[in-house]
Amino acid sequence: MKTETLHIAGQKWIIHRYEAVDSTNLIARRMGLEGAPDRTVILAEEQRSGRGRLTRKWFSPRGGLWLSLVLRPEIEARECSKLMAASALAVAETIREVCGLSPSIKWPNDILVEEKKVSGILLELECCDGRVSFVVVGIGVNLNIGLAELPEEVRALAGTLKDIMGTPVDHERFLRTFLQKCECYYSLFKSGRHDKIVDEWRRSLSTVGRKVRVIVPGETVEGQAVGVGDDCSLLICSVEGETKAISVGDCIHLR
Ligand code: BT5
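Quick notes on the rules
Residues numbered from 1 in each chain as written. Predicted model: local features only at pLDDT ≥ 70, side-chain atom pairs only at ≥ 80, totals over all residues. Heavy atoms only, no water. Pairing = 2+ DSSP bridges. Helix = DSSP H or I, 4+ residues; strand = E, 2+ residues; numbered from the N terminus. Contact = heavy atoms within 4.5 Å. Axes fitted to C-alpha atoms, helices over the stretch in contact; angles between N-to-C directions. Buried < 20%, exposed > 50% of the residue type's maximum accessible area, 1.4 Å probe, protein only.

## Notes on the pairing of strand S10 (residues 219-228)
- Bridge analysis of strand S9 (residues 211-216) against S10 gives 6 bridges, and the strand direction is antiparallel. Bridged to Val 214 within S10 is Val 221.
- Hairpin remark: S9 followed by S10, antiparallel, with 2 residues in the connecting loop; positive phi at Gly 218, about 80 degrees.
- As paired elements, S10 and strand S11 (residues 234-237) share 4 bridges and run antiparallel to each other. Bridge assignment links Gln 224 to a residue of S11, and that residue is Cys 237.
- Linking two consecutive strands that pair antiparallel, namely S10 and S11, is a turn of 5 residues; a positive phi of about 75 degrees is found at Cys 232 within it.

This is the structure:
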């Protein structure tokens, strides 16, 4: 493991670089429990058991960008959806700036390019006595891998930046730009400017305006995605004309 420090806008980001790990989120959690400071980054070249939400697998061969952030904001658990939104916005802006592509965000955690998932985010909270002691934000970006390196089962929905661009992406430039965007959003978040994050989230979500099906625990909600709540939830208007705010779930764009 190699450790380096990056100073961004006066803030210290500590990056721990690993070769192969099971999951950067697991290492980040362990380091968080051992007292790792705010703005710690765990980066791996490869993950053997990368994880998605709800114990799904996240395939992470060499060449991708697989990292987890340990963040220690003083917040309540319900505010974490804004950190998820901020992370997705940071990934999308980095893809736009470094790759010159036009990404879109599918609620709640998919970054798409040409309608293919090129990145996903997994946010996990560690709570103690009812308070959030730290947050682990795991981010996977299919950077310099070919679609053929991913298993058959995900190829229909996944995309990789190298394949889409037809050329490899500068990994270090992507990482640094991404951490700069993270610092920008994280400082907004910590200074209480959540409205700015929510506004940007509203502007960037390609889900709004679409007909969607959202699978939430114990229920499936179908209708028109009509907007975003101040807590980053998705507002869905059903055929009966009832509007529901959904905070977690799996969303399918129907058309
Ligand atoms: C996610 O979950 O999209 C969150 C992915 C987070 C991955 C990062 S990598 C660094 C950190 N360490 C970890 O262990 N995890 C985080 P979800 O929305 O549940 O999507 C998971 C689904 O995406 C899977 O069931 C597959 O269908 C699909 N999938 C798996 N690997 C993929 C890949 N490399 N590219 C695109 N889709 C993939």
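## Concerning the environment of Pro 73
- Note on placement: Pro 73 falls in the loop between strand S4 (65-71) and helix H2 (80-99).
- For the pair formed by Pro 73 and Ser 133, sequence separation is 60 residues and the distance between their alpha carbons is 8.2 Å.
- With sequence-adjacent residues up to four places away left out, Pro 73 is seen in contact with Leu 83, Val 132, Val 135, Tyr 186, Phe 189 and Lys 190.

## Some details on the sheet that holds strand S2 (residues 11-21)
- The strand order S1-S2-S3-S4-S8-S7-S6-S5 describes an open sheet built from 8 strands, whose pairing is mixed. Edge positions in the open sheet fall to strand S1 (2-8) and strand S5 (104-106), since each of these has one partner strand only. Neighbouring strand axes in the sheet, compared pairwise and without regard to direction, differ in orientation by 25 degrees on average.
- The sheet contact formed by strand S7 (residues 116-128) and strand S8 (residues 131-141) spans 10 bridges and is antiparallel. Its bridge partner lying in S8, Leu 123 is registered against Val 137.
- Lying on the sheet, helix H1 (residues 24-33) is in contact with S2, strand S3 (40-47), S4, S7 and S8; it crosses S8 at an angle near 155 degrees.
- Packing against the sheet, H2 makes contact with S4, S5, strand S6 (110-113), S7 and S8, and its axis sits at approximately 150 degrees to S7.

## What to know about the sheet that holds strand S12 (residues 243-246)
- On the basis of which strands lie adjacent, the open sheet formed by 5 strands has the order S12-S11-S10-S9-S13 and antiparallel pairing. If you trace the sheet from one side to the other, it starts and ends with S12 and strand S13 (250-253), each paired once. Each neighbouring strand pair of the sheet contributes to a mean axis angle of 45 degrees, computed without reference to strand direction.
- Bridge count for S11 against S12 is 4 bridges, and the pairing is antiparallel. When the bridges of S12 are listed, Cys 237 appears paired with Thr 243.

## As for the pairing of S4
- For S4, the tally of buried residues reaches 7 of 7 residues, placing the bulk of the element in the interior.
- Both faces of S4 are covered, namely the face carrying Leu 65, Leu 67, Leu 69 and Leu 71 and the face carrying Trp 66, Ser 68 and Val 70.
- Direction of pairing for S3 relative to S4: antiparallel, over a ladder of 5 bridges. Following the sheet pairing, Ala 44 is matched in S4 by Trp 66.
- Pairing of S4 with S8 involves 7 bridges; the strand directions are antiparallel. Its bridge partner being in S8, Trp 66 is matched across the sheet by Gly 140.

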